[in-house]
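The residues making up each chain are set out below.
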Amino acid sequence: KVVYIPYCVDWRFFSKPVKNIKRTLVVSAGVDDSRDYATLLAAVKDLPIEVVIASRPENVHGLIIPKNVTVKFIDGYVKMRTLFKRARLVVVPLKEIYRSAGQRVVLEAAAAGCPLVVSAVSGMTTAYDFKHNKHLWYVAPGNPLALRRRIMYALNHPRQTRALGRSAASWVRRHYTTRHLAK
């Protein structure tokens, strides 16, 4: 018998408030080869917001990094939680690779209350019950124009974007915490 056990998140840790932080960034994170940073970089080029990619430099090797983008390695969960708390939006650009990818970042960012834009790849859409326009926004993978439009929509509709982040946080709290895994 095979039992599917979804990845879960330490809700209490990632939802913990961080004092004196404003949400001013677009954040992306992930170090595996499933990330599509080329699409993200094309989408955010010249946007009027600072973008931080938390990854290793080799993950963006050979790509042109726009002036509004910083790539840095984030060492440790406390620093990652702080980065999530600074995010107006978290973008998880993924390649369709037919295995799980990006799930930990989505759950951690959602637990931190971040609104999310995620590539609609099967490793994400089939693994969790997140609903487009209710918990997060899905975009077609590999489409920088669609990603750019969704990022701009999120930035131009802050009330709706914050509500989406709260909805994702609530969903993760009710379904995908380490407490659920332990049951």
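Placed above this text is the structure.
Residues numbered from 1 in each chain as written. Predicted model: local features only at pLDDT ≥ 70, side-chain atom pairs only at ≥ 80, totals over all residues. Heavy atoms only, no water.

**Here we look at the pattern of salt bridges**
Close approach of charged atoms lets side chains of opposite charge pair.
Next, step 1: Counting across every chain of the model gives two salt bridges.
Next, step 2: Taking the shortest distance from any N to any O, the salt bridge between R35 and D32 comes out at 3.1 Å.
Next, step 3: The partner of E108 in a salt bridge is R104, and the shortest N-O contact between them spans 3.2 Å. Here the residue E108 and the residue R104 both occupy positions in helix α4 (residues 103-111), the gap between them amounting to four residues, near one helical turn. (Salt bridge = Lys/Arg side-chain N within 4 Å of Asp/Glu carboxyl O. Helix = DSSP H or I, 4+ residues; strand = E, 2+ residues; numbered from the N terminus.)

**Observations concerning the pairing of strand β1 (residues 25-29)**
Next, step 1: Of all five residues in β1, five are buried; the element is thus mostly enclosed.
Next, step 2: Side chains L25, V27 and A29 project from β1 onto one buried face, and the interleaved V26 and S28 project onto a second face that is buried too.
Next, step 3: The pairing of β1 with strand β2 (residues 50-54) spans five bridges and is classified as parallel. Paired with S28 across the two strands is I53, which belongs to β2. (Buried < 20%, exposed > 50% of the residue type's maximum accessible area, 1.4 Å probe, protein only. Pairing = 2+ DSSP bridges.)

**Examining α4**
Next, step 1: Burial analysis of α4 places eight of its nine residues in the buried class, which makes it a mostly covered element.
Next, step 2: Inspection of α4 places Q103, V105, V106, L107, E108, A109, A110 and A111 among the buried residues, and these make up the whole buried set.
Next, step 3: Once α4 ends, the next one or two residues include G113, with phi positive near 85 degrees.

**Here we look at unusual backbone geometry**
Next, step 1: Look at D46: it is not a glycine, yet its phi comes out positive at around 70 degrees.
Next, step 2: Inspection of the secondary structure puts D46 in the loop between α2 (37-44) and β2.
Next, step 3: A relative accessible area of 62% places D46 in the exposed class.
Next, step 4: In this model, N133 sits at a positive phi of 70 degrees, which is unusual for a non-glycine residue.
Next, step 5: With respect to the secondary-structure elements, N133 resides in the loop between α5 (122-125) and β6 (137-139).
Next, step 6: Residue class for N133 comes out partly exposed when judged on its relative accessible area of 47%.

**Observations concerning helix α3 (residues 77-85)**
Next, step 1: Those residues of α3 not exposed but buried are M80, R81, L83, F84 and K85.
Next, step 2: Contacts made by the buried residues of α3 are with α1 (11-15), β1, β2, β4 (87-92) and α4. (Contact = heavy atoms within 4.5 Å.)

**With respect to the sheet that holds β4**
Strand pairing within a sheet occurs via backbone hydrogen bonds; the two strands may be parallel or antiparallel.
Next, step 1: The six strands lie next to each other as β3-β2-β1-β4-β5-β6, forming an open sheet whose pairing is parallel. Of all the strands in the sheet, the pair left with one neighbour each is β3 (69-72) and β6. Across the sheet, the mean angle from the axis of one strand to that of its neighbour is 20 degrees, orientation sign disregarded. (Axes fitted to C-alpha atoms, helices over the stretch in contact; angles between N-to-C directions.)

**With respect to the side chain of H135**
Next, step 1: Assignment of secondary structure puts H135 in the loop between α5 and β6.
Next, step 2: The class of H135 is buried, set by a relative accessible area of 2%.
Next, step 3: For H135, the residues in contact, after removing those within four places along its chain, are D129, F130, L164, S167, A168 and W171.

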